[in-house]
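# Secondary and tertiary structure notes
Read off the chains here:
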Amino acid sequence: MDIWDLVNQVRIELPVEFGFIHPQLCNDDGDRFFADFLKAHRKVIVAACAPNMQRKLFKDAFSAASMSVEEDLVPIDIRKMTTDNAFELVKYALVKLGFEEEII
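This report concerns the structure included in the present document. Here the structure is a predicted model, which is why all the values come from computation and not from measurement.

One turn of the α-helix equals 3.6 residues, which is why residues spaced by three or four share an orientation. When we look at burial in helix α2 (residues 28-37), the residues that qualify are G30, F34 and F37. The buried side chains of α2 occupy one side of the element, clustering within an arc of 70° when seen end-on. Opposite the buried face of α2, by more than 90 degrees, sit the exposed residues D28, R32 and D36. On its buried face, α2 is in contact with β1 (44-48) and α3 (51-64).

Now the structure itself:
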């Protein structure tokens with residue numbers, strides 16, 4: 001998978017406010033990033049590792065922002081996927097958030 005192609009395709013073709021790449025959200029730097037980013041109280045799709053692991057790792061950051069990983073995080077596992085398959089999974093995550101009418 002080409003992660004740069006994925007994030008650019010998502011930004012261009014899907015109804016998202018931001019598309020970004022972070023080298024390791026499960027590190028202290030990721031905690032600081034979430035502390036800042038979640039101040040806006042936006043729902044977040046994280047395309048990374050196993051969803052259950054993401055919920056465990058990001059629970060405190062979401063809680064500190066008065067948000068919930070169960071309601072405000074859509075974690076998807078894109079490991080070992082092609083760029084096209086990962087893109088389709090992001091589209092599906094957006095449908096789960098209620099953006100199906102905006103998706104072509």
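The next thing to look at is the packing of helix α1 (residues 3-13) against helix α5 (residues 83-96). Helix-helix packing is characterised by the crossing angle of the two axes and by the distance between the axes. It is the contact of α1 with α5, at a shortest axis distance of 10 Å, that shows an interaxial angle of 40°. In terms of orientation, α1 lies oblique with respect to α5. Read as a crossing pair, α1 and α5 show a hand that is right-handed. Residue-level contacts link D5, L6, Q9, V10 and E13 of α1 to T83, A86, F87 and V90 of α5. By residue class, the composition of the contact of α1 with α5 is five nonpolar, two polar and two charged.

Here is what the cut-offs are and how they apply
- Residues numbered from 1 in each chain as written.
- Predicted model: local features only at pLDDT ≥ 70, side-chain atom pairs only at ≥ 80, totals over all residues.
- Heavy atoms only, no water.
- Buried < 20%, exposed > 50% of the residue type's maximum accessible area, 1.4 Å probe, protein only.
- Helix = DSSP H or I, 4+ residues; strand = E, 2+ residues; numbered from the N terminus.
- Arc of directions from axis to C-beta.
- Contact = heavy atoms within 4.5 Å.
- Axes fitted to C-alpha atoms, helices over the stretch in contact; angles between N-to-C directions.
- Parallel < 35°, antiparallel > 145°, perpendicular 65-115°, else oblique.
- Left-handed = near helix turned anticlockwise from the far one by under 90°.
- Nonpolar A, V, L, I, M, F, W, Y, C, P; charged D, E, K, R; others polar.

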